[in-house]
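Chain residues, written in single-letter form:
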Amino acid sequence: MAALYLFLLFYCTLSTFGKRYQPTWDSLESRPLPDWYDEAKLGIFMHWGVFSVPSYNAVWFWNNWKNGNRDIVNFMKRNYRPDFTYADFAADFKAEFYDPKRWAAILEASGAKYVVLVSKHHEGFTNWPSNYSWNWNSYDVGPHRDLVGELADAIRNTTNLRFGLYHSLFEWYNPLYLRDKANNFTTQDFVKSKSMPELYELVNRYKPEVVWSDGAWEAPDTYWTSKEFLAWLYNDSPVKDTVVTNDRWGKGDICHHGGYFTCSDKYLPTTLQKRKFENAMTIDKTIGASDEMHG
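Residues numbered from 1 in each chain as written. Predicted model: local features only at pLDDT ≥ 70, side-chain atom pairs only at ≥ 80, totals over all residues. Heavy atoms only, no water.

The chain carries the name alpha-L-fucosidase in an unreviewed UniProt entry, which gives Mytilus edulis as its organism. Recorded under Function (unreviewed entry), the UniProt text for the chain is reproduced unchanged: "Alpha-L-fucosidase is responsible for hydrolyzing the alpha-1,6-linked fucose joined to the reducing-end N-acetylglucosamine of the carbohydrate moieties of glycoproteins." UniProt's Sequence similarities (unreviewed entry) comment on the chain is quoted here verbatim: "Belongs to the glycosyl hydrolase 29 family." (UniProt positions renumbered as here; feature names shortened; annotations may be inferred.)

Which residues make up the overall build of the chain, and what values go with them?
What the chain contains, in helices and strands, is 11 helices and 7 strands. For 295 residues, the compact-globule formula gives about 19 Å, and the C-alpha radius of gyration of the chain, at 20 Å, lands near that figure. Taken along the three principal axes of its C-alpha coordinates, the chain extends 85 × 50 × 40 Å. Counting every position in the chain, which comprises 295 residues, the buried fraction comes to 50%. Surface summary for the chain: the accessible area is close to 14700 Å², and the carbon and sulfur share equals 56%. Here the chain carries 32 positive and 36 negative side-chain charges, and the mean point of each set is 2 Å from the other. (Helix = DSSP H or I, 4+ residues; strand = E, 2+ residues; numbered from the N terminus. Rg over C-alpha atoms; globule rule 2.2 N^0.38 Å. Buried < 20%, exposed > 50% of the residue type's maximum accessible area, 1.4 Å probe, protein only. Areas by Shrake-Rupley, 256 points an atom, 1.4 Å probe, with all protein chains shown as cover. Lys, Arg positive; Asp, Glu negative; His and termini not counted. Charge placed at Lys NZ, Arg CZ, Asp CG, Glu CD.)

So, the packing of aromatic side chains: which residues are in play, and what are the values?
In the structure shown here, the tally under the stated rule is 42 aromatic pairs. With 5.7 Å between their ring centres and 55 degrees between their planes, tyrosine 37 and tyrosine 114 make a pair best called tilted. Taken as a pair, tyrosine 37 in helix 3 (residues 35-40) and tyrosine 114 in strand 2 (residues 114-120) lie far apart in primary sequence, 77 residues in all. For the pair shown, tyrosine 37 and tyrosine 114 are each scored as buried. A ring pair is formed by phenylalanine 93 and phenylalanine 125, whose centres lie 5.8 Å apart and whose planes are at 70 degrees; its orientation type is edge-to-face. One end of the pair, phenylalanine 93, is in the loop between helix 5 (70-79) and helix 6 (100-109); the other, phenylalanine 125, is in the loop between strand 2 and helix 7 (147-158), and 32 residues separate them in sequence. Each member of the pair phenylalanine 93 and phenylalanine 125 is classed as buried. One residue, arginine 31, lies across the ring of tyrosine 234, its end atom 4.2 Å from the ring centre. (Phe/Tyr/Trp six-rings, centres within 6.5 Å; stacked < 30°, edge-to-face > 60°. Lys NZ or Arg CZ within 6 Å of the ring centre and 35° of its normal.)

Summarise the state of the cysteines; cite the residues concerned and give the values.
Under the definition given, this model contains 1 disulfide. Each disulfide pairs two cysteine sulfurs, and for cysteine 255 the partner residue is cysteine 263, the sulfurs being separated by 2.0 Å. Residues cysteine 255 and cysteine 263 are joined by a disulfide whose S-S torsion is about 75 degrees; by sign, that bridge is right-handed. When its relative accessible area of 27% is taken as the criterion, cysteine 255 is described as partly exposed. (Disulfide = S-S within 2.5 Å.)

Give a detailed account of unusual backbone geometry, specifying residues and quantitative values.
Of note in the backbone geometry, asparagine 135 takes a positive phi value of approximately 65 degrees without being a glycine. Its place among the elements puts asparagine 135 in the loop between strand 2 and helix 7. Asparagine 135 sits in the partly exposed class, given a relative accessible area of 37%.

Pulling in residues and values, what's your account of the environment of leucine 199?
Secondary-structure assignment places leucine 199 in helix 9 (residues 189-206). Overall, the relative accessible area of 3% leaves leucine 199 in the buried class. The spatial distance from the C-alpha of leucine 199 to the C-alpha of threonine 85 is 27 Å, given a sequence separation of 114 residues. When sequence neighbours within four positions are dropped, the list of residues in contact with leucine 199 reads His167, Leu169, Val211, Phe229 and Trp249. (Contact = heavy atoms within 4.5 Å.)

Spelled out as structure tokens, the structure:
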């Protein structure tokens, strides 16, 4: 009996840790969340990008400006020349006081157990020297620094925090995305040449243990090839055993498919949930730097 028990225990261990996940939601969602996330409870979510330069109307500044938001239009008239463009803000995104080690110390002292930094928001500007975002990244313009890499190193070398990254799948005004959208997402030029290559690059280069996806609501996950990415992430990536993911991988997926659920910003259910969830609770008046709590 003892030998049989040991054999069964060994077999169960192998079947759990040697499992290959398939690019289907049934298979992907059979993967248990790593224990560290279940025990973390509190994380810090930080938005940072070109939108930080005007520091007005938060992260959707560009989109709201393009759509004629009166407050933003008047703000621009009061403060900038008539032909000023959003791209012009990038030169002033200097990050001259950016001290990653100090950030890391403050983040750890807060009591949080993980941190998620925005690597790219819907504006398309990458906070790392991406090979897929030429001249619209923090190394080519603005700070001329690898903002993501410097914080990743500081977090890992000086704290016990887990490091994660937010990444927007879509970009408001990228011509490739707009063309795919005009084609009713029957083409995937943007996904194949920009969005997914960036995401693989982020994981391989910086090894985030949280991959916080966003910007997927206009197109199905089949367009984004999200399930294929997640299968690679869980099977073969450098963080396959420790990474956690959220639920923003395609139109209709939020609060239905993914790792843990976010459902909506400031999501706070009043009943016991069957799936692990995270409350992306903003601490400003609109949508900006956030705390994350999960239960």
